[in-house]
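Each chain, letter by letter, is given below.
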Amino acid sequence: MFDIDSIRTEFPILKRTINGKPLVYFDNAATSQTPQVVIDAIVDYYSNYNANIHRGVHTLSQEATDKYEQARIKIQKHFNAKKPYEVILTAGTTHSINIVATGFSSLLKKGDEVIVSALEHHSNIVPWQMLCERTGAILKVIPMNEEGELQMDVYDELLTAKTKVVFVNHVSNALGTINPIKEIIDKAHKFGAAVLIDGAQACPHIKPNVQELDVDFYVASAHKIYGPTGVGILYGKEEWLNKLPPYQGGGEMIKEVTFEKTTYADLPHKFEAGTPNICGGIAFGVALDYANNIGFDVIAKRENELLVYATKKLLEIEGLRIYGTSEEKTAVISFNIDGIHPYDIGVIIDKLGIAVRTGHHCAQPIMNFYKIPGTVRASFSFYNTFEEIDVFITAVKRAKMMLS
Ligand SMILES: *Cc1c(COP(=O)(O)O)cnc(C)c1O
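This structure is a prediction, so every number in the text was calculated from the model and none was measured.

### Looking at the side chain of Thr-330
Then comes step 1: Tracing the sequence through the fold places Thr-330 in the loop between strand S13 (320-323) and strand S14 (332-337).
Then comes step 2: Not counting residues within four places of it along the chain, the set of residues in contact with Thr-330 comprises Val-171, Gly-176, Ile-178, His-205 and Leu-307.

### Description of the nonpolar core
The tendency in soluble globular proteins is for nonpolar side chains to be buried side by side.
Then comes step 1: Judged by nonpolar contacts, the single largest core of 71 residues is most densely connected at Tyr-155, Val-166, Tyr-218, Phe-284, Ile-366 and Phe-382.
Then comes step 2: Ranked by residues supplied to this core, first place goes to helix H10 (residues 278-294) with eight residues.
Then comes step 3: Residues lining this core come from more than one domain, with at least three contributed by each of domain 1 (4-27 + 295-403) and domain 2 (49-293).
Then comes step 4: In contact with Tyr-155, not counting residues within four places along its chain, are Ile-115, Ile-142, Val-166, Ile-184, Lys-187 and Ala-188.
Then comes step 5: Core analysis: the second largest hydrophobic core is formed by 29 residues, Phe-26, Phe-335, Ile-348 and Ile-393 among them.

### Concerning the domain arrangement of the protein
Then comes step 1: According to the domain assignment, the protein consists of domain 1 (4-27 + 295-403) and domain 2 (49-293).
Then comes step 2: Between domain 1 and domain 2 lies a buried interface of about 2,500 Å² when both sides are counted; carbon and sulfur atoms form 58% of it.
Then comes step 3: Interface area lost by domain 1 to domain 2 is led by Phe-296, Thr-330 and Ile-366, which between them contribute 27%.
Then comes step 4: Here domain 1 and domain 2 share one salt bridge between them.
Then comes step 5: Between the two partners, domain 1 and domain 2, sit 17 residue pairs in polar contact (both at pLDDT 80 or more).
Then comes step 6: Among the elements that line the side of domain 1 that touches domain 2, the one with the most residues is helix H13 (residues 364-370), at six residues.
Then comes step 7: Looking at the side of domain 1 that touches domain 2 residue by residue, the class counts come to 17 nonpolar, ten polar and seven charged.

Basis of the calculations
- Residues numbered from 1 in each chain as written.
- Predicted model: local features only at pLDDT ≥ 70, side-chain atom pairs only at ≥ 80, totals over all residues.
- Heavy atoms only, no water.
- Helix = DSSP H or I, 4+ residues; strand = E, 2+ residues; numbered from the N terminus.
- Contact = heavy atoms within 4.5 Å.
- Core = buried A, V, L, I, M, F, W, Y, C linked by side-chain atoms within 4.5 Å.
- Buried < 20%, exposed > 50% of the residue type's maximum accessible area, 1.4 Å probe, protein only.
- Domains from an automatic or database assignment.
- Buried area = accessible area lost by both parts, 1.4 Å probe.
- Salt bridge = Lys/Arg side-chain N within 4 Å of Asp/Glu carboxyl O.
- Polar contact = N/O pair within 3.5 Å; in protein donor to acceptor, adjacent residues only side chain to side chain.
- Nonpolar A, V, L, I, M, F, W, Y, C, P; charged D, E, K, R; others polar.

What follows is the structure, given as structure tokens:
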């Protein structure tokens, strides 16, 4: 059923060598690799129907518009949004969060409260801090525990009638923890607060159902779901998207412009000023088709097997500590070895062809919690193999020997 050899041939980059060694790509949490069907869709767009959308009566423009709008419907179905216009195509997760956080400026007043979690990526912290500076709203933080899980009893205490928005990631990019988002959403709704879920790290592994979750906003980036960079999704419930003011002004987002007054276009165009990443949107749809053809249950099962195997092997190395030990986690392993800087391990194993990430992973509050400067992070995708993990383990042992 799951034919790893045939899957790997679909990703041309996996044939590469680095420093004379076969590439072992374990930096999937930063960006995933791209299958040939997605690359073909990009080439096809620029080779055959590159044109600006929504404006032209000519054939190419209509072909491009049709494909782009078909992609929006694919994305709508994937996330199970009620309406296609609840899917705003953006430049990615960061852009999507900024649209919402900036929009809330007009809805919040001094003394209102917003809640974030201790496990967030800087993308889901900084735009909200900027919102608080503009409005005088107060930022509260759901703390984490040693395992890298949110302290849900403290969340209960933080929620009050003053809470207006809660923003939490679905999966932590630094630790892999899968957060209890359904519970977070339901509890916030009891207080009338809106919830934004940052799904950037969840969507490569989990197919979210936004209606079942009853989430108000859900955001993700195509480049972590086997698609291209520079495109992503902002899902918002229709009533919320209507409440928020537009983020950018420009072409495409208007109904009528005069120097006295401009009226804004309907959804989704109100939030899609300017020429979008047309090719990227189309390729995003193809990437979702690709992943759905494999099946998100198959992907999750495979990745969990890789996670269990690698965790066991890594823990056999003396002095190695894994950060983020929740029962509920995706295939991300953040670790350090006693007395060795994570960066040094990254440099040595790169010489052996292995790509991992080192540093704070855009989540400095998590590093501060553990009182460490950073970690080595290995993150697996379904196209990785047990043999690659063996190569990686040998490399880490070698780095440890050289550095201690
Ligand atoms: C990658 C990531 C982001 C940022 O995504 P961009 O594509 O860089 O905008 C935000 N949050 C999480 C959890 C991520 O993993």
